[in-house]
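Coordinate inspection notes
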Amino acid sequence: GPSGVGKDSVRDLLIAWKAPLHFAVTATDRPPREGEVDGVHYRFLSPEEFDRLEREGGFIEHAVVYGQRKGVPRSEIEGPLAEGKDVLARVDVQGVATLKRLFPDAVVIFLAPPSLQEAQRRLDARDTETDEEVRLRMEEAEREMAAARDVDYIVVNRTGELEATARRVWEIIERERQAEEGDRERASK
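Residues numbered from 1 in each chain as written. Predicted model: local features only at pLDDT ≥ 70, side-chain atom pairs only at ≥ 80, totals over all residues. Heavy atoms only, no water.

Below, the discussion takes up the pattern of salt bridges. Two side chains of opposite charge can pair, provided their charged atoms sit close to one another. Under the defined criterion, the tally for this structure stands at 21 salt bridges. D12 is paired through a salt bridge with R11; the nearest N and O atoms lie 2.9 Å apart. The class for D12 is partly exposed, based on a relative accessible area of 34%. The exposure class assigned to R11 is buried, which follows from its relative accessible area of 8%. (Salt bridge = Lys/Arg side-chain N within 4 Å of Asp/Glu carboxyl O. Buried < 20%, exposed > 50% of the residue type's maximum accessible area, 1.4 Å probe, protein only.)

Here you go:
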């Protein structure tokens, strides 16, 4: 979903609820914002570390997003999947295409704001970006909303209903998990 929609807040609730998932931690070469913790919110890498990991093929996918490099470390996806764990990865719409190509069974949930106006209000209230950065994020939000038609599910994060949104995301994950288990049982008969 677009910036400011609540992706981190939904993830944080799922973590607090002890959802049995591996929460992939994205790497970035930007410095941490106030309150962000390395290894929880992001893996904060120096530009040199990011370059090295990129050269070594250490990312499943990576891109420049709002002038910052971000990437999903291969170890954050492949290791947990090999252990039979479900993985929740927070990626932008560019990353979705890559993940679906590499993991065709991946389920994509797009978190949407109730409106672009509300997305703008949330970004303004967050107060972590300059006016120019907010403008760029809003332009990108329009493109991301248009690209959402290619996802498996769209969940609207309505203002003041974060817990309901997180519950809906969890219900989707559980339904997909049960469907997959049913498919495996039918295949083994």
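Attention now moves to the layout of surface pockets. Computed from the structure, the largest pocket encloses a volume of approximately 1,200 Å³. Forming the boundary of the largest pocket are 39 residues, of which V87, L88, A89, A106 and V107 lie nearest the centre. Among the elements of the structure, α1 (7–16), α3 (74–82), β6 (87–88), α4 (93–102), β7 (109–112) and α7 (162–188) are those that each provide at least two residues to the lining of the largest pocket. By residue number, the principal contributor to the lining of the largest pocket is α7, which donates 10 residues. The residue makeup of the lining of the largest pocket, split by class, is 24 nonpolar, 2 polar and 13 charged. Estimated volume of the second largest pocket: approximately 690 Å³. Lining of the second largest pocket is provided by 32 residues; of these, K7, D8, Y42, R90 and R126 occupy positions nearest its centre. (1 Å grid on protein atoms, 1.4 Å probe; cavity = no way out; pocket = protein on both sides within 12 Å on 5 of 7 lines; lining within 4 Å. Points joined across faces, edges and corners; volume = space filled by probe spheres on them. Helix = DSSP H or I, 4+ residues; strand = E, 2+ residues; numbered from the N terminus. Nonpolar A, V, L, I, M, F, W, Y, C, P; charged D, E, K, R; others polar.)

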